[in-house]
Each structure stands twice: as C-alpha cells, then as structure tokens.
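Residue-level structural notes
What follows is each chain in one-letter form.
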Amino acid sequence: MKFVTIFTGIGGLDLGLVQAGHEVILQVERDDRCAALLRKRFPKASLTREVSDVKELPAETEILASSLNWPEQADNQSNDQVVGEHLRLPASCAAAVTDHSHIFRLLAVRPISWVLLELPVTLLRWVTASTPARPPPVANLVKELELLGYRWAYRVIDLRGAY
C-alpha cells in the first residue's frame, strides 16, 4: 500500500511501514534536521516542509500516518488561547490542535481507507488543572474522525518499566 506521513519526525512510522512492504510517497516535516535525515533515509519519497502547503493527499494514497504532538506540561501553562470551537487551551496546546486540524482537512478533501495516528500518552490524560476539568485531548480527535465517518480503535503501550 502507498502511504503519506504528516509530522513525520525522523521517520519511525515510515520505517516500520516500509519494512512491512508498504511504499512511502509523501512525507511532511518542517524541522530542518529531521528533513535532512528523511531525504537521506527515504530518497524516493517526496518531502514537503509545511503541512499547510499540502492541498490534498495524492490520489494513490491508501494510508495516512501521523505522529501527533502534544505538550508534556500542558496543564501547567496559563497563557490560554481559544481555538475554533475548542475550550480555552494553553498556547502550546492550541498550536497542536491547529496542526492536528490539517489531518481532518486532508481527509475531508480525499477520504482514504486507513488512518494511523501515533499518540503520546499526554493526549489520553484528563486536564484536571482547569476548572471544570476537560476531557482528554484525544476526545476531539475521536469526534473529528467520527464526523468524517471513520471507525477507530486504540491501544496503549507503556514501556516505562521495560528498561
């Protein structure tokens, strides 16, 4: 299957998918160091630096994969911003929600069969520092996927005790 990755980072998801026999056709990564590594590690893949420059997924896309970011210390920040319909969020979280919205924008333009999202555990935590407490940020991702007609599942892998 042919796949696209958004917020590719150093290409960990890409490497696993390629090793499983899939073909990366487009990577989106803005970090200079990560982009340099991606060019070296995946020379056949097209590389775009800004997700906002991607107007639609390539027609041959069968999988959209993304590693989603979320600030580790989000609860302790006080410089809140309002993002669209979202509650007030710390500025770093508001930026992450804006980044995540590109996934749904692209899926709305060209629905595809498979979406693979790698989530940090911080997306699963309730925000108890705010009053009233907010549901975990993953709730918004689930809502957006369901609005687009996707079914979903997730699992948690915790390797803290593995070393």
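Anyway, here's the lowdown on the structure attached to this text. (Residues numbered from 1 in each chain as written. Predicted model: local features only at pLDDT ≥ 70, side-chain atom pairs only at ≥ 80, totals over all residues. Heavy atoms only, no water.)

**Things to note about the overall build of the protein**
The condition is simple: To qualify as a helix, a DSSP run of H or I must reach at least 4 residues; to qualify as a strand, a run of E must reach at least 2; elements of each kind are numbered from the N terminus. Burial classes follow relative accessibility: with a 1.4 Å probe on protein chains only, a residue under 20% of its type's maximum area counts as buried, one over 50% as exposed, and anything between as partly exposed. We call two residues in contact whenever any of their non-hydrogen atoms come within 4.5 Å of each other. Only the protein chains shown count as cover for residues, and all accessible areas are computed by the Shrake-Rupley method using a 1.4 Å probe.
Within the protein one finds four helices and seven strands. For the protein, the α and β elements follow one another from N to C terminus as β-α-β-α-β-β-β-β-α-β-α. Classification of the 163 residues of the protein by burial places 38% in the buried group. For the protein, the share of sequence-separated contacts (at least 6 apart) that also reach a separation of at least 24 residues comes to 56%. Summed over all atoms, the accessible surface of the protein reaches about 9,900 Å², with 54% contributed by carbon and sulfur.

**A short note on the nonpolar core**
To keep it simple, the criterion reads: Buried residues of nine kinds, namely Ala, Val, Leu, Ile, Met, Phe, Trp, Tyr and Cys, make up a nonpolar core once their side-chain atoms join them within 4.5 Å.
V4, I6, L57, L64, I103 and L107 are the most contacted members of the largest nonpolar core, which has 26 residues in total. No other element matches helix 3 (residues 91-109), which puts seven residues into this core. When residues no more than four places from it in sequence are discounted, the contact partners of I103 are I6, F7, L64, S66, L68 and L117. Among the nonpolar cores identified, the runner-up in size contains eight residues, and F3, V24, L38 and A65 belong to it.

**Examining helix 2 (residues 32-41)**
Count 3.6 residues to each turn of an α-helix, and residues three or four apart come out pointing the same way. Stated precisely, the cut-off is as follows: The directions considered for the arc are those from the helix axis to the C-beta atoms. Under this definition, polar contacts are N or O atom pairs within 3.5 Å; protein pairs additionally need one hydrogen-donor-capable and one acceptor-capable atom, and for neighbouring residues in sequence, both atoms have to be side-chain atoms.
Buried within helix 2 we find C34, A35 and L38. The buried residues of helix 2 occupy one face: seen down the axis, they fall within an arc of 100°. Residues of helix 2 that are exposed and angled more than 90 degrees away from the buried face: D32, R33 and K40. Looking at the buried side of helix 2, the elements it contacts are strand 2 (23-28) and strand 3 (46-48). At the N-terminal end of helix 2, a side-chain oxygen is found 3.0 Å from the backbone nitrogen of R33, two or three residues along, and the residue is D31.

**A look at the pattern of salt bridges**
Condition: For salt bridges, the criterion is a side-chain nitrogen of Lys or Arg within 4 Å of an Asp or Glu carboxyl oxygen.
Counted according to the given criterion, the structure contains five salt bridges. A network of salt bridges, in which partner residues are shared, links R30, E50 and D99.

**What to know about the environment of L148**
Position of L148 relative to the elements: it lies in the segment after helix 4 (138-147). Residue contacts for L148: discarding those within four places in its chain leaves F104, L107 and A108.

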